[in-house]
Amino acid sequence: MAARPDSEALIVGAGPVGLFSVFELGMAGVAARVADILPRAGGQCVELYPDKPIYDIPAIPEISGGALAERLLAQAAPFDPQFHFNEAAQTLSGDVENGFVVGFASGLEVAAKVVVVAAGGGLIAPKKPPLKELPAFEDKSVFFAVRDPELFNGQRIVVVGGGDSALDWAIELAPQAASLTLLHRREEFRAAAASVAKMRAMVEAGAMDFRLGQIRGLKGENGRLDAVVAAHGGETFEIAADACLMFFGLAGRIGPIADWGLKMKGPLIEVDTAAFETSRPGVFAIGDVCTYPGKLKLILSGFHEAALMARKAVRYVRPGEHHRFEHSTSSAILHEKLRR
Amino acid sequence: MVKIIFIDPQEVRHEVEAEEGMTVMEAAVQHMVPGIDADCGGACACATCHVYVAPEWAEKIAGILERSETEEDMLDFAFDVRENSRLSCQIKVEAAMDGLTVRVPEQQG
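Residues numbered from 1 in each chain as written. Chains lettered and ligands numbered in written order. Predicted model: local features only at pLDDT ≥ 70, side-chain atom pairs only at ≥ 80, totals over all residues. Heavy atoms only, no water.

(A) Region of interest: the overall build of chain A. Regarding its fold elements, chain A presents 8 helices and 22 strands. Seen along its three principal axes, the alpha-carbon backbone of chain A occupies a region of about 75 × 45 × 40 Å. The buried share of chain A, reckoned over its 340 residues, is 52%. Summarising the internal contacts of chain A: among those between residues at least 6 apart in sequence, 59% fall at separations of at least 24. As displayed, chain A offers around 15,700 Å² of accessible surface, 52% of which is attributable to carbon and sulfur atoms. Once the 35 positive and 40 negative side-chain charges of chain A are each reduced to a mean point, those two points are 3 Å apart. (Helix = DSSP H or I, 4+ residues; strand = E, 2+ residues; numbered from the N terminus. Buried < 20%, exposed > 50% of the residue type's maximum accessible area, 1.4 Å probe, protein only. Contact = heavy atoms within 4.5 Å. Areas by Shrake-Rupley, 256 points an atom, 1.4 Å probe, with all protein chains shown as cover. Lys, Arg positive; Asp, Glu negative; His and termini not counted. Charge placed at Lys NZ, Arg CZ, Asp CG, Glu CD.)

(B) Summary view of the overall build of chain B. In terms of regular secondary structure, chain B is built from 3 helices and 5 strands. The C-alpha atoms of chain B give 12 Å as radius of gyration, which agrees with the globular expectation for 109 residues (13 Å, within 12%). When its C-alpha atoms are laid out on the principal axes, chain B stretches across 30 × 25 × 25 Å. The burial tally for chain B puts 54% of its 109 residues in the buried class. Once local pairs closer than 6 in sequence are excluded, the contacts in chain B between residues at least 24 apart make up 63%. Carbon and sulfur atoms make up 44% of the accessible area of chain B, which amounts to about 4,900 Å² in all. Across chain B, the centroid of the 8 positively charged side chains sits 5 Å from that of the 22 negatively charged ones. (Rg over C-alpha atoms; globule rule 2.2 N^0.38 Å.)

(C) Seen up close, the pattern of salt bridges. For the coordinates displayed, the defined rule picks out 25 salt bridges over all chains. Of the charged contacts, one joins Arg190 of chain A and Asp76 of chain B as a salt bridge, the two residues approaching to 2.9 Å between their closest N and O atoms. Here Asp76 of chain B lies in the loop between α3 (69-74) and β4 (85-87) and Arg190 of chain A lies in the loop between β12 (179-184) and α6 (193-204), a pairing that spans two chains. Residues joined by salt bridges that share partners form a network here, namely Arg185, Arg186, Glu188 and Arg190 of chain A together with Arg67, Glu72, Asp73 and Asp76 of chain B. (Salt bridge = Lys/Arg side-chain N within 4 Å of Asp/Glu carboxyl O.)

(D) Main features of the packing of aromatic side chains. All names here are of chain A. As enumerated under the stated definition, the model contains 9 aromatic pairs over all chains in all. Each ring, one from Phe20 and one from Phe23, has its centre 5.6 Å from the other, and the planes form 20°; the classification is stacked. One end of the pair, Phe20, and the other, Phe23, are both in helix α1 (residues 16-27), 3 residues apart, so they sit about a helical turn from each other. For Phe20, a relative accessible area of 13% gives the class buried. (Phe/Tyr/Trp six-rings, centres within 6.5 Å; stacked < 30°, edge-to-face > 60°.)

(E) Geometry of the environment of Leu212 of chain A. Inspection of the secondary structure assignment puts Leu212 of chain A in strand β13 (residues 209-212). Residues contacting Leu212 of chain A, with those up to four places away along its chain left out, are Leu183, His184, Arg185, Arg186, Glu187, His232 and Phe237 of chain A.

(F) Representation of the sheet that holds strand β2 (residues 13-18) of chain B within the structure. Residue and element names in this part refer to chain B. Reading across from one edge, β2-β1-β5-β3-β4 is the order of the 5 strands in this open sheet, with mixed pairing throughout. The open sheet has two free edges, formed respectively by β2 and β4, since each of these has just one partner strand. Recorded for the sheet is a direction-independent mean angle of 35° between the axes of neighbouring strands. Judged from the 4 bridges that link them, strand β1 (residues 2-7) and strand β5 (residues 100-103) form a sheet pairing that is parallel. Its bridge partner lying in β5, Ile4 is registered against Leu100. (Pairing = 2+ DSSP bridges. Axes fitted to C-alpha atoms, helices over the stretch in contact; angles between N-to-C directions.)

(G) Fine view of the interface of chain B and chain A. With 24 residues of chain B at the contact, the number on the chain A side is 22 residues. Buried area between chain B and chain A, summed over both chains or domains, comes out near 2,000 Å², and the portion from carbon and sulfur atoms is 50%. At the surface where chain B touches chain A, the tally comes to 6 salt bridges. The tally of links between chain B and chain A comes to 11 residue pairs in polar contact (both at pLDDT 80 or more). (Buried area = accessible area lost by both parts, 1.4 Å probe. Polar contact = N/O pair within 3.5 Å; in protein donor to acceptor, adjacent residues only side chain to side chain.)

(H) Highlighting the pairing of strand β11 (residues 156-160) of chain A. All names here are of chain A. Of all 5 residues that make up β11, 4 are buried, and the element is covered over most of its length. In this sheet, β12 lies alongside β11 in parallel orientation, the contact comprising 5 bridges. Residue pairing across strands places Ile157 opposite Leu180, the latter belonging to β12. Of the strand pairs in this sheet, β11 and strand β17 (residues 243-246) are connected by 4 bridges, and their pairing is parallel.

(I) The packing of α1 of chain A against helix α7 (residues 299-317) of chain A, seen in detail. Residues and elements named next belong to chain A. Remark: α1 packs on α7, axes separated minimally by 9 Å, with the N-to-C direction vectors making an angle of 35°. Where α1 crosses over α7, the two elements pack in a sense that is right-handed. Contact residues: Pro16, Val17, Phe20, Ser21, Glu24 and Leu25 in α1; Ile299, Gly302, Phe303, Ala306, Ala307, Met309, Ala310 and Ala313 in α7. The residue makeup of the contact of α1 with α7, split by class, is 11 nonpolar, 2 polar and 1 charged. (Left-handed = near helix turned anticlockwise from the far one by under 90°. Nonpolar A, V, L, I, M, F, W, Y, C, P; charged D, E, K, R; others polar.)

(J) Seen up close, the nonpolar core. Of all hydrophobic cores here, the largest spans 71 residues; its most connected members are Leu25, Val115, Val117 and Trp260 of chain A. No other element matches the 8 residues that α7 of chain A contributes to this core. With 35 residues, the next largest nonpolar core counts Val33, Ala38, Val81 and Leu100 of chain B among its residues. (Core = buried A, V, L, I, M, F, W, Y, C linked by side-chain atoms within 4.5 Å.)

(K) Structural view of the sheet that holds β13 of chain A. Here 5 strands make up an open sheet; going across it, the order is β10-β17-β11-β12-β13 (chain A) and the pairing parallel. Of all strands in the sheet, those bounded by a partner on one side alone are β10 (142-143) and β13 of chain A.

(L) Seen up close, the domain arrangement of chain A. In terms of domains, chain A is made up of domain 1 (6-125 + 251-339) and domain 2 (128-248). For domain 1 of chain A versus domain 2 of chain A, the separation of C-alpha centres amounts to 38 Å. (Domains from an automatic or database assignment.)

Here it is as structure tokens:
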């Protein structure tokens, strides 16, 4: 078995607040690892709104979610954070005296002296329609992502959605499919203009079908799909299908962190406002995942929370030492890192 | 204060007090109304605060069913979108909305 990676701090969540925590912990002399369920850094900023402008980052009049994530990564880089992507945090054991171990769904375990939960809206995963028959078909004939396009060769495919993912896959899969129907609730698409034009041309040429409608149900047996049931303007209809791909975007949920024994308020973790520590000493929660009186779900609030968290975290990581507060302009630690 | 009533899929009524100028989503989140997830915190970027405006209120408040282009786009990510669908983060609470009733869909995401 590979040695268990350990770290002074483990940050769960590589969104803007998780990334800034690397910087703040680094300034306090604490090295960090960062884990995220997503395949890259940036969290919601990158997954939900990479191109949407953000106007309330101090001193930056306007920046896109994607650009903000890039800058935060650059700001954290001197502290050389180790990232674990595609890792869903599952369990937390241990305590601040003996150290913590966070277990991940993949089997990975990371040991850390302090744990910082910066999980934002939680596990970001594809949205799934509320169809009671969905579980019987999911991952057999109904999919929310495409891992192996070859799987759909010669099949009758229904693609549901009107965004870039729906259009990109409809365009890519149509040539190899027995038939492909794009199902969307309106004539307008919020996808790249070039993709919309391509799709319309393919519909025109008979290379794919387009149906106006919203999904209502799935028909079939033993996970094998026969038809997708849809409705539009009060009329219900069926589209014969072997496979259905659905693209309704992404949404977050707190997930297994809710079972870490931390005091919760609904899906949020309660913290004190002096150090943003949870009910479990040595476990901190910052950013959108935490709550306290007056909490605002703003990126800038998360930055503030990260700074105060780091001051307390370093006292656990290096209990015997004297910890002096330093401004970044004169910080010896930062200047040494930047020189490298 | 303006009273907003949320009816969840189990037909349970949640009456909350909202301030003028806040959004219907904020009123729901502040009072932890189940089913209003509001993942993105009001940026019109996630469609997890979808509600159905009660028909009588659609008549009472002019323009309450008017959706911006962004909101219409985001509703592509919602399920069972109807004529009276709105994203509650895009409805600003006004004094005239006292008693506004909205239904919370079965599932946001």
